Amino acid sequence: MERKIRYKLHPVRLIFYLLFWAGLIFVYDVLRSYFLWLLLIMITMFPVLSVAGAVYLCGRLTPELQLERTTVVKSGEALMELHLENTAWWVAFHSQMQFIVSNTFLEQSSELTVQMPVTIHGRAVLKLPFLAADTGRYTVSCEMLGVQDAMGFLECQKRIALSKELFVLPRPEADAEMDITGFLAGAAEKEESRQKGNDFAQVNDVREYVPGDRFRDIHWKLSARQENLMVKERAATAGSEMVMLLKLTGNSVQAERILELAWGLAQRFMEQRFPVCLLCWSQPEYTWEEYRCGTGQELAGAFCGIFGLRLSERVNTKAEEQMRNCYPFLKSYLTVGVQGGVVKAWRTEND
């Protein structure tokens, strides 16, 4: 069983202390000074108290990480607060925590070392500004708290579990202010061409296959784990909506531009009282994830859901083919992706 507290000795400092201690004994033996005798006792006792105090203190420290909010816009700033609660009547001049800041969506990570003193029987607070440079889902975590004794001989390392999550939403670029009239007209045509019982709908339940079920509704991943074929039941949705396919690439810069453009377009559509359905590929489920948005809050929730998987699991090089197989009765949709090396939006005929 792994110990909760580990100890790391600093031998260099210990050797220097022993040499100084031995030299002081030699000077005292020569001079026989009462002052040197008191100094020798203090120097002998202080390391023992320092090490014992650090061991005692480490077990009574409770760190806590707080975020003022869980979502922020790209290039915005979020404030993190690190609280270190000390229930012991002892103090430490040096405590250290190694944080790992990971963007799980873009699969990037960096390390942050935080050092702070420990106040005696109280709470120390350290405020850390977090600047969101990229969109995605960030996790800030720490697994080890280190406390060093006053003389620096021993470092006590205690296992902790600190973790917070922050979603960084896109900031729409200026080119998102494009004319959406043509896209709205296309959506109106799509609505008129729907056939009863074959509309674009949301998955409501999963059940066993019965003769007559559509091929596109088969849940292949779940069926592979069952003895029978399983199909997805879809709940019909009423009214018009703009179906927007997010055709992400493995290039993180392009992927961010695609998301920023889609964010801006979705806001424009909703301003026209036109709901949006975002489609994003899920490689683990091998299907399209559907996010319906009619308000800004729902749009933010949709992007938080998109950031739940890694970017590499969102890439689909056969997106058009998959759309024809999954949604054969969808006449057209809006694709946001890369065309000719440029991030743009275009209408795609689903035939």
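Bear in mind that the values here come from a model prediction, so they are computed numbers and not experimental data.

> What's the story with the overall build of the protein in this structure? I'm lost.
Counting its regular elements, the protein contains 7 helices and 16 strands. Going through the 351 residues of the protein one by one, you find that 44% of them count as buried. When contacts within the protein are restricted to residue pairs at least 6 apart in sequence, those whose partners lie at least 24 apart make up 70%. When the accessible surface of the protein is split by element, carbon and sulfur atoms take 56% of a total near 18,700 Å².

> How do you make sense of the nonpolar core when you look at a structure like this?
Considering soluble globular proteins, one finds that nonpolar side chains tend to be buried as a cluster. Of all hydrophobic cores here, the largest spans 36 residues; its most connected members are Met244, Leu278 and Val336. It is helix H5 (residues 252-271) that contributes the most residues to this core, 10 residues altogether. What Met244 contacts, discounting residues up to four positions off in sequence, is Ala262, Leu265, Ala266, Phe269, Val276, Cys277, Leu278, Leu279, Leu334 and Val336.

> Sorry if this is basic, but what is going on with the packing of aromatic side chains here?
The geometry of an aromatic ring pair is captured by the separation of the ring centres together with the interplanar angle, meaning the angle of the planes. For the structure shown, the criterion picks out 8 aromatic pairs. Both rings, one in Trp263 and one in Phe303, keep their centres 5.0 Å apart while their planes meet at 75°; by these two values the pair is edge-to-face. With Trp263 in helix H5 and Phe303 in helix H6 (residues 296-306), the pair connects residues that are 40 residues apart, well separated along the chain. Residues Trp263 and Phe303 agree in their burial class; the two are buried. Each residue in the set Phe105, Trp263, Phe303 and Phe307 is aromatic and connected to the rest through ring pairs, giving one cluster.

> Would you mind going over the sheet that holds strand S4 (residues 77-86) with me for this structure?
Strand pairing in a sheet relies on backbone hydrogen bonds. The paired strands run either parallel or antiparallel. Sheet architecture is open: 3 strands sit in the order S2-S4-S7, paired in antiparallel fashion. Only two strands of the sheet have a single partner each, and these edge strands are strand S2 (61-67) and strand S7 (123-131). Put simply, the sheet's adjacent strands are angled 20° from each other on average, direction ignored. Two elements, S4 and S7, share 9 bridges in a ladder whose sense is antiparallel. In the sheet register, Glu81 faces S7, and the bridge partner there is Lys127.

> Which parts of the structure should I look at to understand a nonpolar patch on the surface?
Residues Tyr34, Trp37, Leu38, Ile41, Met45, Leu49, Tyr56 and Trp90 make up a contiguous nonpolar surface patch of about 780 Å² in total accessible area. Note on placement: Leu38 falls in helix H2 (residues 34-58). A relative accessible area of 34% places Leu38 in the partly exposed class.

> Is there a simple way to think about the sheet that holds strand S16 (residues 342-349) in this case?
Read from one edge to the other, the open sheet built from 5 strands follows the order S14-S13-S12-S15-S16, with strand pairing classed as mixed. Every interior strand has two partners, whereas the edge strands, strand S14 (287-293) and S16, have only one. Neighbouring strand axes in the sheet, compared pairwise and without regard to direction, differ in orientation by 25° on average. In this sheet, S14 lies alongside strand S13 (residues 276-282) in antiparallel orientation, the contact comprising 7 bridges. What sits directly across from Trp281, in S14, is Trp288.

> Teacher, can you tell me more about unusual backbone geometry here?
Across residues other than glycine, the phi torsion is negative in most instances, and most of the peptide bonds are trans. Despite not being glycine, Ser75 has its phi angle at roughly 75°, a positive value. Of note, Glu107 is a non-glycine position whose phi angle comes to about 60°, a positive value. Residue placement: Glu107 occurs in the loop between strand S5 (92-103) and strand S6 (108-118). With a relative accessible area of 45%, Glu107 lands in the partly exposed category.

> Quick question: what am I supposed to make of the pairing of S4 here?
Within a regular strand, side chains alternate between the sheet's two faces. In this sheet, S4 lies alongside S2 in antiparallel orientation, the contact comprising 7 bridges. Opposite Leu61, over in S4, you have Asn86 as the bridge partner.

> Hey, could you run me through the confidence of the model for the protein in this one?
Parts of the model with low pLDDT should not have their predicted coordinates read in detail. Of all residues in the protein, 86% attain a pLDDT of 70 or more, and the chain-wide mean is 85. Confidence drops under a pLDDT of 50 for residues 188-201, and excluding neighbours within four residues, the segment shows 37 contacts in the predicted structure. The low-confidence segment residues 235-239, where pLDDT is below 50, has 12 contacts with residues more than four positions distant or belonging to other chains.

> What should I look at first to understand helix H7 (residues 319-326) in this one?
A turn of α-helix holds 3.6 residues, and therefore any two residues three or four places apart point the same way. All of the buried residues in H7 are Ala319, Gln322, Met323 and Cys326. Projection of H7 onto a plane perpendicular to its axis shows the buried side chains occupying an angular sector of 105°, all on one side. Buried residues along H7 sit in contact with strand S12 (242-246), S13, S14 and strand S15 (332-339).

> Even after reading the chapter, I still don't get the environment of Val101, so can you show me in this structure?
Looking at the secondary structure, you find Val101 in strand S5. The spacing of Val101 and Lys164 is 63 residues in sequence and 9.8 Å in space, taken between C-alpha atoms. Once residues within four sequence positions are removed from consideration, Val101 is found in contact with Gln108, Ser109, Ser110, Phe130, Tyr138, Thr139 and Val140.

> Sorry, what's going on with the pattern of salt bridges here?
Once the charged atoms of two side chains with opposite charge are near each other, the side chains can pair. Evaluated as defined, the whole model comprises 16 salt bridges. Two residues, Arg310 and Glu107, come together in a salt bridge whose shortest N-O distance is 3.8 Å. You can see Arg310 sitting in the loop between H6 and H7 and its partner Glu107 sitting in the loop between S5 and S6, a full 203 residues away along the chain. One salt bridge in this structure joins Arg347 and Glu349, with 3.4 Å as the shortest N-O distance. Take Glu349: its relative accessible area is 38%, and that puts it in the partly exposed class.

About the thresholds
- Residues numbered from 1 in each chain as written.
- Predicted model: local features only at pLDDT ≥ 70, side-chain atom pairs only at ≥ 80, totals over all residues.
- Heavy atoms only, no water.
- Helix = DSSP H or I, 4+ residues; strand = E, 2+ residues; numbered from the N terminus.
- Buried < 20%, exposed > 50% of the residue type's maximum accessible area, 1.4 Å probe, protein only.
- Contact = heavy atoms within 4.5 Å.
- Areas by Shrake-Rupley, 256 points an atom, 1.4 Å probe, with all protein chains shown as cover.
- Core = buried A, V, L, I, M, F, W, Y, C linked by side-chain atoms within 4.5 Å.
- Phe/Tyr/Trp six-rings, centres within 6.5 Å; stacked < 30°, edge-to-face > 60°.
- Pairing = 2+ DSSP bridges.
- Axes fitted to C-alpha atoms, helices over the stretch in contact; angles between N-to-C directions.
- Patch = residues over 30% accessible without salt bridge, like charges linked within 9 Å, V, L, I, M, F, W, Y side chains within 5 Å.
- Salt bridge = Lys/Arg side-chain N within 4 Å of Asp/Glu carboxyl O.
- pLDDT = per-residue confidence, 0-100.
- Arc of directions from axis to C-beta.

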